[in-house]
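Coordinate analysis (summary)
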Amino acid sequence: MKSTLWGLVMIHCVSFMHAQQSILLKLELKNSLTIPRNMESVEIPLKKVRVLAGQSFTINDASSKKELPYQWLANGDLLIQSDFRAGEIKKIEFYKSSPQHFEPKVYGRFVPERLGDFAWENEKIAFRMYGKELEKVPEQNGWGMDAWTKRTNKMIINQWYQLNNYHQDNGDGLDFFQVGHTLGAGDVLPFINNNFAYLGNYTSYKIIEEGPLRFTFELTYPQVKIDGYEISALKRISLDADSQLNKSVIRYDFKGKKTLPVFTGIVHWDGKGQKIIDQDNQLAAYWPENSKNGTVGSAILYPHSNNLIIDKNKHLGSETNVKSNQAVTFYTGAVWDKAGEITSGKNWLYYLQEFSLRLKHPIQITQ
């Protein structure tokens, strides 16, 4: 009884406090799906929140009075995260006030001390791409995206690089995913004459968004001449808090021919395990057999494509032809069974199918 009374008192106090503050805006957010959505990222367009420009404000769930974390995006939109019940219509209120500090749930940086790696993470998983300096160490070099497994919500990149023994599990996870001369846990390469055309590792980077809810960066790949083409590339990769998957938008700038064949996918190495192609949901996934360190499932998802997903050159993915500077968009990432949340290929596929469904039916925003 005491705890109930105390909760009512707290809600009353918060409501009274808000009554003394200036309300700037009210919005309604609708989950049109019959499934709950936990830690859902919602991008509120700038036109709906323009009144907030230059203001110090908080965002609160009107029902629970819980303050919600938010982040201004590079394009001017406002990103928030919240839980939604199936079919829920959530009212949120914006108050002129100083927001509380929310610990960042994403992080990333250039790693000059490890031959130019670029590494990034959220509280679920970590990834890295390899820099130009690593090409001087061919036996360690990799082409595609690497995945680091975690079973902690702490940001571990800096600690792991400092300790320099991240191939061993010291309690928080480890790096045992194999990339080599493949697309790894999800990437893209030109696919010329039925083979991958490796263009080299990235040479420069730019951090676009630093959190606390989304980390976004760009990697630049300089021009390479190959098979009558002159090709350069720009990759923009984003990772949201609580997500197993990155969003990748790749543009190839090329001369010499009108179109460029490219292949986006994940490696399976011809290994044992579950190779999954779900054409209806435009996704492919791989759940390898168990190892002494557990299982790393990988996946790629195409939100705006009807291209055929195939098994080719030890990869699951999609082959297509693009024009110069045409955007190639896909989601890709990984999961570790020892993190304890997704522990089987069946669970992994279910997560991916729900992810696809949520992309197709974003949270509706009304005033």
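Residues numbered from 1 in each chain as written. Predicted model: local features only at pLDDT ≥ 70, side-chain atom pairs only at ≥ 80, totals over all residues. Heavy atoms only, no water.

Looking at the overall build of the chain
Helix and strand content of the chain: four helices and 25 strands. Compactness check: the chain gives a C-alpha radius of gyration of 22 Å against a globular reference of 21 Å for 367 residues, within 12% of the reference. Its C-alpha atoms put the chain at 70 × 45 × 40 Å along the principal axes. Burial statistics for the chain: of 367 residues in total, 51% are counted as buried. In the chain, of all internal contacts separated by at least 6 residues, the share reaching a separation of at least 24 is 69%. When the accessible surface of the chain is split by element, carbon and sulfur atoms take 50% of a total near 17500 Å². (Helix = DSSP H or I, 4+ residues; strand = E, 2+ residues; numbered from the N terminus. Rg over C-alpha atoms; globule rule 2.2 N^0.38 Å. Buried < 20%, exposed > 50% of the residue type's maximum accessible area, 1.4 Å probe, protein only. Contact = heavy atoms within 4.5 Å. Areas by Shrake-Rupley, 256 points an atom, 1.4 Å probe, with all protein chains shown as cover.)

A look at helix H4 (residues 345–360)
Given 3.6 residues to a turn, an α-helix orients residues that are three or four positions apart in the same direction. Relative to the 22 Å expected for 16 residues at 1.5 Å per residue, H4 spans 23 Å between its end C-alpha atoms, a close match to the ideal helical length. Residues Gly-345, Trp-348, Tyr-351, Leu-352, Glu-354, Phe-355, Ser-356 and Arg-358 constitute the buried set of H4. If you follow the buried residues of H4, they end up packed against strand E2 (37–44), strand E17 (245–255), strand E19 (273–278), strand E20 (283–288), strand E21 (296–301) and strand E24 (327–336). (Expected span 1.5 Å × (residues − 1).)

Some remarks on the pairing of strand E3 (residues 57–61)
Across the five residues of E3, five count as buried, placing the element largely inside the fold. Because side chains alternate across E3, one face comprises the buried residues Phe-57, Ile-59 and Asp-61, and the other comprises Thr-58 and Asn-60, equally buried. Note: E3 against strand E6 (residues 89–96), five bridges, orientation antiparallel. If you follow Asn-60 over to E6, its bridge partner there is Glu-93. (Pairing = 2+ DSSP bridges.)

Topic: the confidence of the model for the chain
Averaged over every residue, the pLDDT of the chain is 94; residues scoring 70 or more account for 94%. The model gives residues 1–19 a pLDDT under 50, and that stretch makes five contacts with residues more than four places away or in other chains. (pLDDT = per-residue confidence, 0-100.)

Focus: the sheet that holds strand E1 (residues 23–30)
Strand order in this open sheet of four strands is E3-E6-E1-E25, and the pairing throughout is antiparallel. With partners counted over all chains shown, the strands left at the sheet margins are E3 and strand E25 (364–366), one partner each. Neighbour-to-neighbour, the strand axes of this sheet turn through a mean angle of 25 degrees, independent of strand direction. (Axes fitted to C-alpha atoms, helices over the stretch in contact; angles between N-to-C directions.)

Digging into the packing of aromatic side chains
Under the criterion given, the structure shown has 24 aromatic pairs. Ring geometry for Phe-118 versus Trp-120: centroids 6.5 Å apart, planes at 45 degrees, classification tilted. Classification of Phe-118 as buried rests on a relative accessible area of 0%. Aromatic side chains Trp-348 and Tyr-351 sit 5.7 Å apart centroid to centroid with 15 degrees between the ring planes, which places their arrangement in the stacked category. (Phe/Tyr/Trp six-rings, centres within 6.5 Å; stacked < 30°, edge-to-face > 60°.)

Some words on the environment of Ala-299
In this structure, Ala-299 sits in strand E21. C-alpha of Ala-299 to C-alpha of Gly-317: the two residues are 18 residues apart in sequence and 9.3 Å apart in space. The residues touching Ala-299, leaving out its near neighbours within four places in the chain, are Ala-185, Ile-266, Ala-284, Ala-285, Tyr-331, Thr-332, Gly-333, Trp-348 and Leu-352.

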